[in-house]
Amino acid sequence: MEKQPKIVIGLVGKMCAGKGEAVQYLTKKYGFIASSCSDRIREEIRSRGQEITRENLMQTAGELRALFGPAVLGIKTWEKLIEQGVDKAVVDSIRAIEEVEFLKKQ
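This write-up is about the structure you can find in this document. Small disclaimer: the values here were computed from a predicted structure and weren't measured. (Residues numbered from 1 in each chain as written. Predicted model: local features only at pLDDT ≥ 70, side-chain atom pairs only at ≥ 80, totals over all residues. Heavy atoms only, no water.)

### Topic: the environment of Ile 41
Mapped onto the elements, Ile 41 comes out in helix H2 (residues 37–47). When the C-alpha atoms of Ile 41 and Lys 29 are compared, they prove to be 28 Å apart, with 12 residues separating the residues in sequence. Contacts of Ile 41, omitting those with residues within four sequence positions, involve Leu 57, Thr 60, Ala 61 and Leu 73. (Helix = DSSP H or I, 4+ residues; strand = E, 2+ residues; numbered from the N terminus. Contact = heavy atoms within 4.5 Å.)

Set out below in structure tokens:
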């Protein structure tokens, strides 16, 4: 059986609300591993050999959700955390309610 994280904190909020500061605090003070649903989009863009631009981020996110469902980025991020054997993680760039619901169930 694969090791699952014991603690996962998901951060949601408007742009410039301080989510990045919270991530830095949790990683530095408490040793959390930072992960981001947007990182999964960037990984997909890189695998396509494309440039990471705001337009490509939005387009690729839409394509992934259309192909694999609205929770896809939460699922891929969870799988990444398990793959890395992370005990405690803070996840940023959660955009869809389905991502929140998926992560809460885990």
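Having seen the model, we can carry on.
### Thoughts on the pattern of salt bridges
When their charged atoms lie close together, side chains carrying opposite charge are able to pair. If you walk through the whole model with that rule in mind, you get six salt bridges. One salt bridge connects Arg 48 with Glu 44, and the closest N-O pair in it is separated by 2.9 Å. Exposure remark for Arg 48: the relative accessible area of 33% places this residue in the partly exposed category. Arg 48 is the salt-bridge partner of Glu 63, the closest N and O atoms lying 2.6 Å from each other. Pair noted here: Glu 63 is in helix H3 (residues 54–68) and Arg 48 is in the loop between H2 and H3, with a separation of 15 residues, a long-range link. Taking relative accessible area as the criterion, Glu 63 reaches 28% and is therefore assigned partly exposed. Overlapping salt bridges bring together Arg 40, Glu 43 and Lys 80 as one network. (Salt bridge = Lys/Arg side-chain N within 4 Å of Asp/Glu carboxyl O. Buried < 20%, exposed > 50% of the residue type's maximum accessible area, 1.4 Å probe, protein only.)

### Here's the deal with the side chain of Asp 92
With respect to the helices and strands, Asp 92 occurs in strand S3 (residues 88–92). Here Asp 92 sits buried without a salt bridge, and the closest side chain of opposite charge, Lys 19, lies 5.0 Å off (N-O distance). In this view, Asp 92 contacts Leu 11, Lys 19, Gly 20, Val 23, Ser 35, Ser 36 and Cys 37; residues no more than four positions away in its chain are not counted. (Lys, Arg positive; Asp, Glu negative; His and termini not counted.)

### Concerning the packing of aromatic side chains
For the structure on display, the rule yields one aromatic pair. With centroids separated by 5.9 Å and ring planes inclined at 70°, the aromatic side chains of Tyr 25 and Tyr 30 adopt a geometry described as edge-to-face. Its relative accessible area of 42% is what places Tyr 30 among the partly exposed residues. Stacked on the ring of Phe 68, the Lys or Arg Lys 76 has its end atom at 5.9 Å from the ring centre. (Phe/Tyr/Trp six-rings, centres within 6.5 Å; stacked < 30°, edge-to-face > 60°. Lys NZ or Arg CZ within 6 Å of the ring centre and 35° of its normal.)

### So, helix H1 (residues 19–30)
The terminal C-alpha atoms of H1 lie 16 Å apart, and with 12 residues this matches the ideal 16 Å at 1.5 Å per residue to within 8%. Taken together, the buried positions of H1 are Lys 19, Val 23 and Leu 26. Projection of H1 onto a plane perpendicular to its axis shows the buried side chains occupying an angular sector of 70°, all on one side. What points out from H1, more than 90 degrees from its buried face, is the exposed set Glu 21, Lys 28 and Lys 29. Looking one or two residues beyond H1, the residue adopting positive phi is Gly 31, at roughly 75°. (Expected span 1.5 Å × (residues − 1). Arc of directions from axis to C-beta.)

Function-wise, these values are silent; they only describe arrangement.
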